[in-house]
Amino acid sequence: MRLTSLHPSPPDTTGSRWHAARTSALFLIAACAILAPAWGQFSLQNIGKPAGPSAVVQTDQVRAELLAHAPDGVDAGKTIWVGLQLTHQPQWHTYWKNPGDSGLPTTLQWTLPSGVTAGEIAWPTPERIAVGSLANYGYEGTVLLPVPLQIGPGFAPGFGSGELTIKLSASWLVCRQECVPQDGLFELHIPARGSTASHGADFEAARAASPQALSGALTATVDADGVLLTATGLPAAWQGRALQAFPESTNVLDAPHTAHAGDTVASEGTPTKGRQVWQNGVWSARMPLSIQRDSAPTALPFVLALGNQGLAGVAPVVGAWPPAQDLAAIPPGPQSASNSAEPSTRQTQSPPADSVGRTWVIALLAAVLGGLILNLMPCVLPVLAIKMFSLVRHKQHSRASQRAQGVAYAVGVILSFMALGGLMLALRATGEQLGWGFQLQSPAVVAALAALFTLLALNLAGVFEIGHVLPPGLAGLQMRHPMVDAFLTGVLAVAVASPCTAPFMGASLGYAIGLPSAQALGIFAALGFGLALPFLAASWVPAVAHWLPRPGAWMDTLRHFMAFPMLATVVWLVWVLGHLSGVDGAASLLLLLLALALVAWCLGLRGKTRRVGATLSIAACAVLLWAIGQNVIKMEPPPAPTLGTASNPGPGGTAWQAWAPGRVDAELAQGHPVFVDFTAAWCITCQYNKKTTLANAEVLTDFRDRKVTLLRADWTRRDPAITLALEQLGRNGVPVYVLYQAGRAPVVFSEILQAHALREALAQL
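What you are looking at is a predicted structure, and each value in this text was computed from that prediction instead of being measured.

Caption draft 1: Examining the overall build of the protein more closely. Along the backbone of the protein there are 20 helices and 26 strands. In the protein, which comprises 765 residues, the proportion classed as buried is 52%. Accessible surface, the protein: about 31400 Å² in total, of which carbon and sulfur atoms supply 62%.

Below, the structure written as structure tokens:
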């Protein structure tokens, strides 16, 4: 690839300077493209967090505090207790290890000194929390999640401090009807000598609330109608009472119809759904299977509870699990969780190896085809000009050089896609809820790309020559390393192409996330190969190269014209930043881009004017960056969504409302079909569909006539709840369009939404 291979022959003086500087410029561009996602993710992770860790984090919904209990100090061989205490505002709740129909469990990640190890959370017995027809398992009021810390012989108190320093990164999902993902950084210092027992009562209450080991036995008998759970050795005070059963495994049992305090109790007979039986001291209850079940465990851990007292045991499974595909015939509770795309954790059962192999090969072929089509997408348009110039310039290279540069470009594209995919997989492995296109959910990345494309546009328009601003020693760099030039242009192509992959790669990328790392990276490599294939073919097949026009004066005109698509990309990026950082952030970025353009223009001057102008403009740019830079990279919180508040009214009163976990099931329970638009401001395909199919008067009339509730899940900012909802639909990027109807499986439409397909589905409601 060539950034500015625009002149018909090497002897042209200006062209030589362009060629001489091109590789150095692409080094800078490639560095921005590779480092921007990591920089943006670092910025994204810290948005909304306190300036530094403390023992308390306060939000509008929860007060979170890190507590410790070390009555005898900190010595080798001892166990001390620490825990995160969550105090909820009225009507808000967080979740147990199995959240039930929707939600996410609280996660704790510890940073501890050498010699100190953390155990698992000693989860208190949860409550059953009903939200419409859903059943969630979690906590209201105040709950402490205690964790034991084992002090090993290798522990040494901090030098000069004589204390144990504990750091915690915690994440929780707090819900009422709407849900708010939150997190916090905590730090606590425990004296190595002396007592830290001021919170002893809190830890004692948490210990009492934790389930005790069941002295008797549990058995789970599986058949086509569900699971028959029996328990022996229960306390005498529990006899004849309706108990609650909390399964620790997710997506196995139908949460609304597990045993609970509202069931009827019989002294004989057969347990049925909603009916518990006590007979000769043996308790039993029948619970239907979840139609989302995708595993066949050999044992089911349960917590049985009466009030706030719990007993924990593991029930071995007796009998054979029915095939998952036959579960649709099992009568679930009304508005089962299968009708929603709400977040939940899932267990997976490995399908046969030959099926996995065939599916993976199909995904690879789809990735190659998607990469080929990606060359025509608007995100790649600015780089297409650079490709065109490079292909024309290849006519002046030897056949071996052309082929080598084609391979170098392909390697740059493929490795960049694999690096971006690997970064996403690595961050997800640490607990981050990310999807494809995550880099554009960071204001820092969007601002960096806007600055990059502004410079490229000015470069193509002839405002400044890169060769004029670099040291003379770099004059022959590109001539000596044409393959490096091609490799870095491939990196640039990936930087701008990745947000446009969803229309052709949604299913394959969603599938890739659940694969082992090596197979997942193979999907990303196939996508890169498809993107690089046209250029690779042109460099290796002479007939393709012969189709290209001869070099000439037209290249200068085309070069100047292609500055405008670059600037159009900048307009789009500023618009995306406005959604992330607000109008102040977008205005600040525009001011910084204006200052950057002034610097570039001054660097294109000659003599003393250039030195004075460049010095003053660079100083002014630095002052602006210091003064208003924070406006650009900050994440301005969006207005809190209020359920039932409509926006963007269409014909006949049709209106879009904010998606939130639990909202789909709440609408289905009222008999309303639901259409969900998973979208993002940085997704060009999303905006196209929004202005065409979703603005079609006939489509909106069908929505209105069939009383379809329209929900919009905006993924412009990182939202773990939306990420998990997309995963449950087998997708890992946007756009995604889903139509829900009670008692039927969700209908997922093509990413390029067609009005006739949508109207046909609506006609069947």
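Caption draft 2: Broad picture of helix α6 (residues 443-461). Over its 19 residues, α6 extends 27 Å from the first C-alpha to the last, a length consistent with the 27 Å expected when each residue adds 1.5 Å. In terms of burial, α6 is largely enclosed, as 16 of its 19 residues are buried. G462 sits one or two residues past α6 and shows a positive phi near 85 degrees.

Caption draft 3: Inspection of the sheet that holds strand β11 (residues 179-191) at higher detail. Spatial strand order, β5-β10-β11: 3 strands in an open sheet with antiparallel pairing. Among the strands making up the open sheet, the edge pair consists of β5 (107-111) and β11. Along the sheet, successive strands turn relative to each other by an average axial angle of 15 degrees, direction set aside. With 13 bridges connecting them, strand β10 (residues 163-175) and β11 associate as antiparallel partners. Counted as the bridge partner of S171 is D183 from β11.

Caption draft 4: Structural view of a nonpolar patch on the surface. On the surface, V407, V411, L415, W540 and V541 cluster together to form a nonpolar patch covering roughly 390 Å² of accessible area. For the nonpolar patch, the element with the highest residue contribution is helix α5 (residues 399-429), accounting for 3 residues.

Caption draft 5: Expanded view of the nonpolar core. Core analysis: the biggest nonpolar cluster contains 40 residues, and L84, L164, W172, F186 and I190 have the highest contact counts within it. If you list the elements that add at least two residues to this core, you get β2 (62-69), β3 (79-88), β5, β8 (134-139), β9 (142-151), β10, β11 and β19 (299-306). Among the elements that make up this core, the one with the highest residue count is β10 (6 residues).

Caption draft 6: Focus on the packing of aromatic side chains. According to the stated counting rule, one finds 9 aromatic pairs in the structure shown. Note on Y409 and F535: the rings are 4.7 Å apart at their centroids and 55 degrees apart in plane angle, and the pair reads as tilted. Taken together, the residues Y409 in helix α5 and F535 in helix α11 (residues 517-540) connect sequence positions 126 residues apart. Across this residue pair, the class does not change: Y409 and F535 are buried. Judged by centre distance (6.1 Å) and plane angle (55 degrees), the ring pair of W659 and F678 falls under tilted. Taken together, the positions of W659 in the loop between β22 (656-658) and α16 (663-669) and F678 in strand β23 (residues 674-679) put the pair 19 residues apart, joining distant regions of the chain. Each member of the pair, W659 as well as F678, carries the same accessibility label: buried.

Caption draft 7: Broad picture of the side chain of Q657. Tracing the sequence through the fold places Q657 in strand β22. Accessibility expressed as a relative area gives 16% for Q657, which makes it buried. A polar side-chain atom of Q657 sits 2.8 Å from a polar atom in the side chain of R663.

Caption draft 8: Representation of unusual backbone geometry within the structure. In this model, Q91 sits at a positive phi of 75 degrees, which is unusual for a non-glycine residue. Relative to the helices and strands, Q91 resides in the loop between β3 and β4 (94-100). The phi dihedral of K707 falls on the positive side, at around 55 degrees, and the residue is not glycine.

Caption draft 9: Structural context of the environment of G226. Take G226: it is sitting in strand β14 (residues 226-231). Of the residues examined, G226 reaches a relative accessible area of 0% and is grouped as buried. A sequence separation of 27 residues divides G226 from L253, and the C-alpha atoms of the two residues are 7.9 Å apart. Those residues in contact with G226 that lie beyond four places of it in its chain are T221, R286, M287, P288 and L289.

Caption draft 10: Examining the packing of helix α14 (residues 563-603) against helix α15 (residues 607-633) more closely. It is the contact of α14 with α15, at a shortest axis distance of 8 Å, that shows an interaxial angle of 170 degrees. It follows that α14 is roughly antiparallel to α15 by the angle criterion. Its residues assigned to classes, the contact of α14 with α15 shows 18 nonpolar, 6 polar and 2 charged.

Caption draft 11: Quick peek at the pairing of strand β20 (residues 309-318). Sheet analysis places strand β12 (residues 212-213) next to β20, joined by 2 bridges and oriented parallel. Looking at β20, one finds that A213 is bridged to A312. Where strand β13 (residues 218-223) meets β20, 2 bridges bridge the pair, whose relative direction is parallel. The residue of β20 that forms the bridge with A220 is V317. Here β19 folds back onto β20, and the loop between the two strands holds 2 residues, one of which, G307, carries a positive phi near 65 degrees.

Caption draft 12: Focus on the sheet that holds β2. Read across the open sheet, the 5 strands follow the order β1-β2-β3-β9-β6; overall the sheet is antiparallel. Edge positions in the sheet fall to β1 (56-58) and β6 (116-118), since each of these pairs with one other strand and no more. In this sheet, adjacent strand axes meet at a mean angle of 20 degrees when their direction is disregarded. By the bridge criterion, 3 bridges tie β1 to β2 in an arrangement that is antiparallel. Residue pairing across strands places V57 opposite A64, the latter belonging to β2.

Criteria and cut-off values
- Residues numbered from 1 in each chain as written.
- Predicted model: local features only at pLDDT ≥ 70, side-chain atom pairs only at ≥ 80, totals over all residues.
- Heavy atoms only, no water.
- Helix = DSSP H or I, 4+ residues; strand = E, 2+ residues; numbered from the N terminus.
- Buried < 20%, exposed > 50% of the residue type's maximum accessible area, 1.4 Å probe, protein only.
- Areas by Shrake-Rupley, 256 points an atom, 1.4 Å probe, with all protein chains shown as cover.
- Expected span 1.5 Å × (residues − 1).
- Pairing = 2+ DSSP bridges.
- Axes fitted to C-alpha atoms, helices over the stretch in contact; angles between N-to-C directions.
- Patch = residues over 30% accessible without salt bridge, like charges linked within 9 Å, V, L, I, M, F, W, Y side chains within 5 Å.
- Salt bridge = Lys/Arg side-chain N within 4 Å of Asp/Glu carboxyl O.
- Core = buried A, V, L, I, M, F, W, Y, C linked by side-chain atoms within 4.5 Å.
- Phe/Tyr/Trp six-rings, centres within 6.5 Å; stacked < 30°, edge-to-face > 60°.
- Polar contact = N/O pair within 3.5 Å; in protein donor to acceptor, adjacent residues only side chain to side chain.
- Contact = heavy atoms within 4.5 Å.
- Parallel < 35°, antiparallel > 145°, perpendicular 65-115°, else oblique.
- Nonpolar A, V, L, I, M, F, W, Y, C, P; charged D, E, K, R; others polar.

The values are spatial; any link to function lies outside them.
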